[in-house]
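Architecture at a glance
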Amino acid sequence: MVKLYAESILIGSHWQQDKTLSINAEGIIVSIEAGKDSQAVQLDGPVIAGMSNCHSHAFQRGFAGLSEYRSGHNADDSFWSWRDIMYRFVAKLTPSDVLQITRFAYLEMLKAGYTQVAEFHYLHHQANGQSYGDPIEMSRQIIEAAQQTGIGLTLLPVLYTYAGFGQQKAALQQARFVHQDDAYLDLLSAIQKDYPQQKNFKLGNAFHSLRAVSQQQLTELIPILKKQLADAPMHIHIAEQAQEVADCIDFYGLRPVEFLLQNFEINHHWCLIHATHLTSDEISGIAQSGAVVGICPTTEANLGDGVFPAAEFFEQQGRWAIGSDSHIAINVSDELRSLEYAQRLTRQKRVVLVDAKRGYLSVGQNLYLSAMQGGSLACVPHNKAPSSNEIDMAIQVGQRANLLVLDPNHPSLFSKQDHFILDSAIFNASQLPVKDVYVSGQRIIEDGQHPQQQKITEDYAKVLKRLLV
Ligand SMILES: [Zn+2]
């Protein structure tokens with residue numbers, strides 16, 4: 001049994017003092033008691049729950065910063081021109097490259113305060129589209145990267161079959177991503193066989209997008225997947241780009257979210273990544289379904305996707321999580337702050353994303369706890385939807401001990417009363433001032449450092465040198 005003592009800790013949605021947490025071998029908090037247990041390790045700073053990163057393409061960390069250059073005389077750079085750069089980078093990657101880049105991205109995530117990551121993994125095959133001799137070769141690299149760094153992983157192998165609506169044949173650049181249904185189910189089975197679920201590893205599934213899978217595939221596979229991966233999260237990219245919405249209307253006569261809600265039972269197992277372009281009916285439809293929206297504010301800003309209608313969605317108690325997606329930033333504060341600032345700029349108002357109905361009037365604390373709650377739902381199998389009126393996945397008995405100890409010596413936290421800590425950490429520090437990070441009760445980051453960080457960084461530098469120079 002691990003015992004940790006905190007002078008100040010955010011339990012549920014309330015700051016409390018002088019508490020000892022007991023954590024079992026599965027990394028679950030089994031008791032929270034007043035006072036300091038004589039066996040307990042003291043946590044030197046305010047303690048909050050770790051954040052879940054609901055959307056990562058880890059390999060994209062390797063070309064962050066290479067797509068900020070106008071392409072020739074083309075003044076129309078967009079998501080689609082970014083995607084061409086991404087495809088050129090993907091073509092060069094070996095399994096070993098994927099391991100090194102992913103390991104580095106996960107190291108950065110841990111240091112930033114993410115304790116769990118959902119990896120939306122579509123880079124499955126060799127460059128010519130042939131499967132590796134071991135079809136789960138690339139999945140193994142990602143699992144290995146998570147194990148070596150200590151982050152909790154939710155692996156979401158992605159089904160990607162077509163280049164566009166109407167079952168357009170995948171292009172050569174997409175050959176590394178493509179599966180037909182049977183091969184995809186075999187891939188999931190092979191991962192399940194070699195990697196049973198445990199405290200720091202969960203398996204879910206993802207459909208790349210409505211562009212890349214057909215209605216027939218969704219109809220046939222969803223019931224099979226619900227059996228094969230009981231209660232597991234099911235993710236999909238949806239309504240990220242205006243062009244994608246227009247193409248969906250052309251083909252199905254419906255907007256992407258409208259199409260999903262009308263044709264499938266969308267519930268708390270689903271995570272709708274981006275869901276940027278929404279009508280008011282779609283906003284209410286998602287909120288009522290219990291699905292989580294995966295918002296990736298820094299990536300969406302970087303790609304020029306659009307602004308998620310957060311205030312309208314939050315007013316309806318919609319569930320949401322944050323993802324670092326393309327990894328243009330791996331920074332919890334930046335994601336949450338960007339979400340709020342987009343609302344302030346477009347509304348010309350301050351302090352927008354609070355939850356007045358529930359009395360959560362601190363933007364920072366409201367954003368942090370809601371994103372943490374939605375992230376947990378999007379990353380870990382749940383057999384029932386959590387209640388909507390309490391923060392029941394924060395630090396609580398029965399929850400995993402994913403904890404951050406904030407640095408009390410960071411200037412943003414000097415002399416701050418508890419109820420200002422998260423506002424200060426998010427709005428007044430360039431990134432969360434994280435001192436120590438615990439995943440399932442085990443300390444992974446100590447004083448801002450990871451024991452393997454030098455080697456992981458050197459290996460990452462070697463990979464980039466080969467790929468970019
Ligand atoms: Zn994505």
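Residues numbered from 1 in each chain as written. Predicted model: local features only at pLDDT ≥ 70, side-chain atom pairs only at ≥ 80, totals over all residues. Heavy atoms only, no water.

Okay, the coordination of the zinc ion next. Coordination of the zinc ion by the protein comes from His 55 (NE2), His 57 (NE2) and His 237 (NE2), over a distance range of 2.1 to 2.2 Å. Of note, the donors binding the zinc ion are all from one chain and are spaced H-x1-H-x179-H. The two residues His 55 and His 57 agree in class, both being buried. (Donors = N, O, S within 2.8 Å, 3.2 Å for Na, K, Ca; no water. Buried < 20%, exposed > 50% of the residue type's maximum accessible area, 1.4 Å probe, protein only.)

As for its placement among the helices and strands, His 57 is situated in the loop between strand S6 (51–56) and helix H1 (79–90). Placed 62 residues apart in sequence, His 57 and Glu 119 show a C-alpha to C-alpha distance of 6.1 Å. Not counting the four nearest positions on each side in its chain, His 57 is found in contact with Glu 119, Phe 120, Tyr 122, His 237, Asp 325 and His 327. (Helix = DSSP H or I, 4+ residues; strand = E, 2+ residues; numbered from the N terminus. Contact = heavy atoms within 4.5 Å.)

By the element assignment, Arg 400 lies in the loop between helix H12 (363–379) and strand S17 (403–406). On the accessibility criterion, Arg 400 (18% relative accessible area) is buried. The spatial distance from the C-alpha of Arg 400 to the C-alpha of Ser 71 is 46 Å, given a sequence separation of 329 residues. Beyond its immediate sequence surroundings of up to four residues, Arg 400 is in contact with Gly 27, Ile 28, Ile 29, Gln 116, Lys 199, Asn 200 and Ser 440. A distance of 2.8 Å separates a polar atom in the side chain of Arg 400 from the backbone oxygen of Lys 199. Of the polar contacts made by the side chain of Arg 400, one reaches the side chain of Ser 440; its length is 2.9 Å. (Polar contact = N/O pair within 3.5 Å; in protein donor to acceptor, adjacent residues only side chain to side chain.)

So, on to the domain arrangement of the protein. Looking at the assigned domains, one finds that the protein contains domain 1 (2–49 + 394–445) and domain 2 (52–379). On a C-alpha basis, the centres of domain 1 and domain 2 stand 28 Å from each other. Across the domain 1 to domain 2 interface the summed buried area is about 2400 Å²; carbon plus sulfur atoms make up 57%. The interface formed by domain 1 and domain 2 includes zero salt bridges. Summed over the shared surface of domain 1 and domain 2, the number is 17 residue pairs in polar contact (both at pLDDT 80 or more). Contributions of two or more residues to the side of domain 1 that touches domain 2 are made by strand S5 (47–49), helix H13 (418–427), strand S18 (434–439) and strand S19 (442–445). For the side of domain 1 that touches domain 2, the element with the highest residue contribution is H13, accounting for six residues. Among the residues forming the side of domain 1 that touches domain 2, the class breakdown is 19 nonpolar, eight polar and three charged. (Domains from an automatic or database assignment. Buried area = accessible area lost by both parts, 1.4 Å probe. Salt bridge = Lys/Arg side-chain N within 4 Å of Asp/Glu carboxyl O. Nonpolar A, V, L, I, M, F, W, Y, C, P; charged D, E, K, R; others polar.)

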